[in-house]
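# Coordinate analysis (summary)
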Amino acid sequence: MSRERPDFDCSVHLQASFGGVEARRFAAMLLRMYTRWAERVGLRREIGEIVGGEDGEVERATLKLAGEGLPARLRGEAGAHRLVRLPPGETRRHASFVFVEVTAPHDDAGAASTSAAGEQARTYVLHPSESVTDDRTGARTEDAQAVFDGDLSPFLPDVAAQRP
C-alpha cells in the first residue's frame, strides 16, 4: 500500500523565549530569515501558524517547507538561537533567545525535534561588532545582515529544489 506524500517535508517552529519584547522581535527576524532563505533556494513554503505581539513581534510561528531531505539538512537549526544586541534607547547589551524546532510530517505530535531543543545552535551578535557563529560547528560570518536577509550558506548544506 502506497502512502500519499505530504504537502510539506518539514516544519520549522519558532518560539520566543528569554528576553521579553526583544525575544519576540528576534523571533520575527528569524521567521523572515528562514522565509527569505527558502525563497533564495527555491523551496515551496507556507507560514502555517503565527502568534504575534505588537509591532510585528512573533511569540511563536511555524514555517512549512517542501524540499527533498530537508529535516536532515535543517537539523543543525534546532536548538536555542541567541541574539546579542544593543536595543534602541538602551546603554547595555541584551541577550534574547528563540528556540527552533524542526519536525517532519511523520513525527508524532509530541516527538522531539531533530536536535535537542535546549542545545545552543547559533549566536548572532549585533553589538559592538557584527557576527553570526554556529555554536556546534564553529562556522562563522561577519555579515550578519546577509544572514538575516536569508543567506544561510555558511551554515546549511545545499538543499534540493522544491518538488514539482
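The text that follows walks through the structure, step by step, so that each part is easy to find.

## What about the packing of aromatic side chains?
In this description, an aromatic ring pair is defined by two values, namely the gap between the centres and the angle between the planes. Enumeration over the complete set of coordinates arrives at four aromatic pairs. Ring geometry for Phe18 versus Phe99: centroids 6.5 Å apart, planes at 75°, classification edge-to-face. Of this pair, Phe18 sits in the loop between strand S1 (10-16) and helix H1 (21-41) while Phe99 sits in strand S5 (residues 94-103); the two residues are 81 residues apart in sequence, bridging distant segments of the chain. The class of Phe99 is partly exposed, set by a relative accessible area of 23%. Summarising the aromatic geometry, the rings of Tyr124 and Phe148 are spaced 5.2 Å apart at their centres and angled 25° between planes, so their arrangement reads as stacked. In this pair, Tyr124 is assigned in strand S6 (residues 120-125) and Phe148 in helix H3 (residues 144-148), connecting sequence segments 24 residues apart. Of the residues examined, Tyr124 reaches a relative accessible area of 0% and is grouped as buried. Site record: aromatic cluster; members linked through ring pairs are Phe18, Phe97 and Phe99.

## Notes on the sheet that holds strand S2 (residues 44-52)
If you trace the eight strands from one edge of the open sheet to the other, you get S2-S3-S1-S5-S4-S6-S7-S8, paired in mixed fashion. Because the sheet does not close on itself, it has two edges, and the strands there are S2 and strand S8 (140-141). In the sheet, S1 pairs with S5 via six bridges, with the strands oriented antiparallel. What sits directly across from His13, in S5, is Glu101. Along the sheet, H1 makes contact with S1, S2, strand S3 (58-66), strand S4 (79-85), S5 and S6, crossing S3 at roughly 15°.

The rules behind these values
Once a new chain begins, its residue numbering starts again from 1 and follows that chain's sequence as written. Under the rules for a predicted model, residues below a pLDDT of 70 receive no local features and side-chain atom pairs below 80 are neither given nor counted, while totals for whole chains, interfaces and linings still include all residues. Hydrogens are left out, water is left out, and the side-chain values use all remaining heavy atoms of the structure. The aromatic pairing rule takes the rings of Phe, Tyr and Trp, using the six-membered ring of Trp, and pairs them if the centres are within 6.5 Å, calling planes under 30 degrees apart stacked, those over 60 edge-to-face and the rest tilted. Helix and strand assignments come from DSSP, with helices taken as H or I runs of at least 4 residues and strands as E runs of at least 2, each series counted from the N terminus. Three exposure classes are used, based on accessible area relative to the maximum for each residue type with a 1.4 Å probe and protein chains only: buried under 20%, partly exposed in between, and exposed over 50%. When DSSP finds two or more bridges between two strands, those strands count as paired. Contacts are assigned to residue pairs with any non-hydrogen atoms lying within 4.5 Å of each other. Only C-alpha atoms enter the line fits that serve as axes; for helices the fit covers just the stretch in contact. Angles between N-to-C directions range over 0 to 180 degrees.

Structural measurements only, silent on function.
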